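Next come the chains, spelled out residue by residue.
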Amino acid sequence: MAELQERLEKLILRLDLMGMRVEQALADATYAIINGNIALGQDVDRRDSAIDREEVEIEQECIRLLALYQPAAIDLRTICTIIKVNSDLERIADLAAGIGRRVKRATENQIDFESYPGFGHLVSSTADILGWTVRTLKVADANTARKIIKADDDIDRCYRKFVSGILSHENRAGQGVEAILTLINLAKALERIGDHCTNIAEDIIFLKTGDIVRHPDAMKDHSHDKTALQ
Amino acid sequence: MEMTILNKTGVPKTEDCPACDNPNATLIDEQERTGQETETEDCCEPIITSDKFYFYYGKKTGVQDISMSIYPCSVTAIIGPSGCGKSTFLRSINRMNDLILHTHVKGTLAVNGQDIYDKRVNLVSLRQQVGMVFQRPNPFPKSIYDNIVYGPRLQGIRNRSELDDIVEQCLRDSALWDEVKDELKKSALALSGGQQQRLCIARAMATKPKVLLMDEPCSALDPVATGKIEELIHKLKVDYTIVIVTHNMQQAARVSNRTAFFCMGELIEYGLTKDVFTNPQNKQTEDYITGRFG
């Protein structure tokens, strides 16, 4: 079983590295969009295929470990967590690549991001939560993971405030419909990244405690239903 | 309202218990929906109860301070490293250890509420109620038929058709009937290892026990025969209480409802198998089942 632990340690390192690449991709994509750096945006998009390949390879290794070692307890939870986090990181990279691809359109539409302070706030909050998530993943700290889940609520609030603000006529700062749609799509991508960070935080809690904390209300309702029927 | 049902184990159960003859429809739906069996223990009285049980080989302690309840119509797996006392505890349940000189016990070990180490306990009756299947198949050098009727004959059953019925029922229950129905007079020793082990299970069932103890029943079998025994265990738990000692942790995870982890003669952790194998509460258990020690 020492071999399993060795292979798991290697996988955890690969996942950490992937987290750092994804964090860099988001940082580059948001820098590119705000500063109109089309080349950097295209570069983020190009680098996404390397992350896709890494995701597939990590998943393949997880499946091999499940088949060959039939892991249990912490080893089983580690592999399940890697599979899920791997998928969330890859989705975040896709969203960052999507932001990179929109740089050209945002530049063509002459979107002035400085006119939308809410967008800048959303960008920095999302970058913060992603960095925090990647670091928490490394140390697998369930308490910090719980804080990340709460922090995503702030990103959701920022997103709603930004979208409702931009939809009101006086805040459009003379932008056309296409520019407004681009801004909303960019904001939505950032909000989705926050959601993926929440998923990862939930997986960290599962890794450390064995508890699945997703959908607590639905699970509570379900156990209540069962008790009532019994 | 609770409805008392007596099943083969003779243990009163409520209609809500998934192990009972008449499970509540909600629980069935739940099982179908989730693919998981629902484990309950509040509605069943334990069939085996160990309370601060100690077993000594002379001055050496075999097991110490074992307190646990084993529930009817379920499979309880006992796992642990070699020499941890799991077989000692298993063999204590039908007093097989009495055959070893200079042994003694402390505490209580009860089957169906009766302390089996009480001096008034009839050992033959106890072993009729608590059957045992060993590591290596050990059929008698007799025919398949005679192996199964051996116990019932000792119990005084002589009627041929009654014995025939017992043979057919036990072989059907042990999933061996279709393979041997045309050659019941053939020597049991001519069967394959897996078939011999299923015959031993059939032989153990012939005296209608409430509990079946299995001491590494698959360790001498190939994967196909092991698969058949595991399938059989899954079928038998509807009617029998099975306690299995195994070194194969995947097997414990597959076949059991509850798992007990023993180490150095002590019970370290006991809980639902689904919890023990995904999120053990004790570090020693986790280290053992993940192969970090043992």
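Everything below is about the structure shown above.
Residues numbered from 1 in each chain as written. Chains lettered and ligands numbered in written order. Predicted model: local features only at pLDDT ≥ 70, side-chain atom pairs only at ≥ 80, totals over all residues.

(A) Quick peek at the overall build of chain A. Within chain A, the secondary structure is distributed over 8 helices and 0 strands. Counting from the amino terminus, chain A carries its helices and strands in the arrangement α-α-α-α-α-α-α-α. When its C-alpha atoms are laid out on the principal axes, chain A stretches across 60 × 50 × 25 Å. The buried share among the 230 residues of chain A stands at 39%. (Helix = DSSP H or I, 4+ residues; strand = E, 2+ residues; numbered from the N terminus. Buried ≥ 20, exposed ≤ 12 C-beta atoms within 10 Å, placed from the backbone.)

(B) Local environment of unusual backbone geometry. Residues and elements named next belong to chain B. Of note in this structure, Lys52 is not a glycine but carries a positive phi near 45 degrees. In this fold, Lys52 is placed in strand E3 (residues 48–57). On the neighbour-count criterion, Lys52 (12 C-beta atoms within 10 Å) is exposed. Positive phi values are uncommon outside glycine, yet Glu216 reaches one of about 45 degrees. Secondary-structure assignment places Glu216 in the loop between strand E9 (211–215) and helix H8 (223–236).

(C) Region of interest: the pairing of strand E12 (residues 266–272) of chain B. All names here are of chain B. Inspection of the sheet shows strand E11 (residues 258–263) paired to E12 by 6 bridges, in the antiparallel sense. Among the inter-strand pairings, Phe261 is bridged to a residue of E12, identified as Glu269. Counting the residues between successive antiparallel strands, the hairpin from E11 to E12 contains 2 residues, one of them, Met264, with a positive phi of roughly 50 degrees. (Pairing = 2+ DSSP bridges.)

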